[in-house]
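# Residue-level structure breakdown
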Amino acid sequence: EAMISFRNVSKHYGGGTAAVENLSMDIDRGAITVLVGPSGCGKTTSLRMINRMVEPTSGSILVDGQDIAAQRASELRRSMGYVMQSSGLLPHRTVLDNITTVPRLNGVSKPEARKRAAELLDVVGLASALGKRYPGQLSGGQQQRVGVARALAADPPILLMDEPFSAVDPVVRHELQEELLRLQRDLAKTIVFVTHDIDEATVLGDRVAVFATGGRLAQYAAPEEILRA
Ligand code: ADP
Ligand code: ADP
């Protein structure tokens, strides 16, 4: 059963050409779905419509069977972690504080939040000692791992990831991909992952949605099918 459904969704920014054109797609629960395609084909727009950072011009999006247009964006986002290309960490807070901020706002006690943050550092493959550092004292790849840990901190069922590994060098990117596949085996989140890299898409995706210029869905299939095309 689908966790996220796009139903005839279009997005036109400021009346211009379509960023996304009549998108209908069911995203599987507990799987990694990758949105791939050339720059400007509507991947980020599609991702951001799921958490209502962007509102569709027409059509509807259901999450867990519920139309998100009828939900408060703040409420909706509790069920969704968001990771982007820049880690977006607060530079003047330690790694541990960055990870615990949202759970603390949600009323989790400080000791509990810190304990969980230490576990999450382990989940993303970082030594717990790094928790005391500031983001600027970490490598790019380490910062992205912290970004993933932070997105997981509230234990959301859905993880939205927008080119999270594209700013790091190829060796580190490969490590991060492996780490994501490893943690997904345990956590079984519903992950929607945006990339322009077809290799990354086929390595990570349980299903791959290929977007074409003009914001159209050109192909939606298992990675083996995409490779054959
Ligand atoms: P992708 O993620 O595939 O690179 P985007 O969803 O970012 O594509 O963009 C799709 C199209 O919409 C592009 O032509 C882009 O320039 C345009 N676009 C994206 N965001 C905005 C915006 N806030 N205002 C106007 N146009 C936008
Ligand atoms: P990222 O690469 O981090 O996903 P972008 O650099 O594509 O983000 O876009 C940064 C911001 O600019 C976003 O808020 C996006 O919606 C907006 N944007 C992207 N393309 C356009 C555009 N053609 N016109 C206006 N705003 C845009």
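Before any of the text, the structure's been laid out above.
A short tour of the structure in this document, coming up. (Residues numbered from 1 in each chain as written. Chains lettered and ligands numbered in written order. Predicted model: local features only at pLDDT ≥ 70, side-chain atom pairs only at ≥ 80, totals over all residues. Heavy atoms only, no water.)

### Quick word on the sheet that holds strand E10 (residues 216–221)
Pairing within the open sheet is mixed, and its 6 strands lie in the order E6-E7-E8-E3-E9-E10. In the strand order of this sheet, the two ends are held by strand E6 (80–83) and E10, each with one partner. The mean angle between the axes of side-by-side strands here comes to 15°, regardless of whether they run parallel or antiparallel. Pairing of strand E7 (residues 158–162) with strand E8 (residues 190–195) involves 5 bridges; the strand directions are parallel. (Pairing = 2+ DSSP bridges. Helix = DSSP H or I, 4+ residues; strand = E, 2+ residues; numbered from the N terminus. Axes fitted to C-alpha atoms, helices over the stretch in contact; angles between N-to-C directions.)

### Some words on the site of ligand 2
Taken together, Thr 44, Arg 48 and Asp 162 form the complete shell of residues around ligand 2. At 3.3 Å, a side-chain N or O of Arg 48 approaches an oxygen atom of ligand 2. With respect to ligand 2, the side chain of Asp 162 contributes an N or O atom lying 3.4 Å from an oxygen atom. Burial of ligand 2 by the protein amounts to 23% of the accessible area it has alone, namely 560 Å². (Near = heavy atom within 4 Å. Polar contact = N/O pair within 3.5 Å; in protein donor to acceptor, adjacent residues only side chain to side chain. Areas by Shrake-Rupley, 256 points an atom, 1.4 Å probe, with all protein chains shown as cover.)

### Regarding the environment of Lys 43
Of note, Lys 43 is situated in helix H1 (residues 43–50). Spatially, the C-alpha atom of Lys 43 lies 10.0 Å from that of Glu 163, the residues being 120 residues apart in sequence. Residues contacting Lys 43, with those up to four places away along its chain left out, are Leu 35, Val 36, Gly 37, Pro 38, Glu 163, Val 194, Thr 195 and His 196. (Contact = heavy atoms within 4.5 Å.)

### Things to note about the site of ligand 1
Near ligand 1 the following residues occur: Tyr 13, Ala 19, Pro 38, Ser 39, Gly 40, Cys 41, Gly 42, Lys 43, Thr 44 and Thr 45. Backbone polar atom of Cys 41 to an oxygen atom of ligand 1: 3.1 Å apart, as the coordinates give it. Measuring from an oxygen atom of ligand 1, one finds a backbone N or O atom of Gly 42 at 3.0 Å. For ligand 1, the accessible surface in isolation is 560 Å², of which the surrounding protein chains cover 53%. The dominant element in the shell around ligand 1, judged by the number of residues it contributes, is H1, at 3 residues. Here the residues of the shell around ligand 1 are counted per class, giving 4 nonpolar, 5 polar and 1 charged. (Nonpolar A, V, L, I, M, F, W, Y, C, P; charged D, E, K, R; others polar.)

Purely spatial values, then, with no claim about function.
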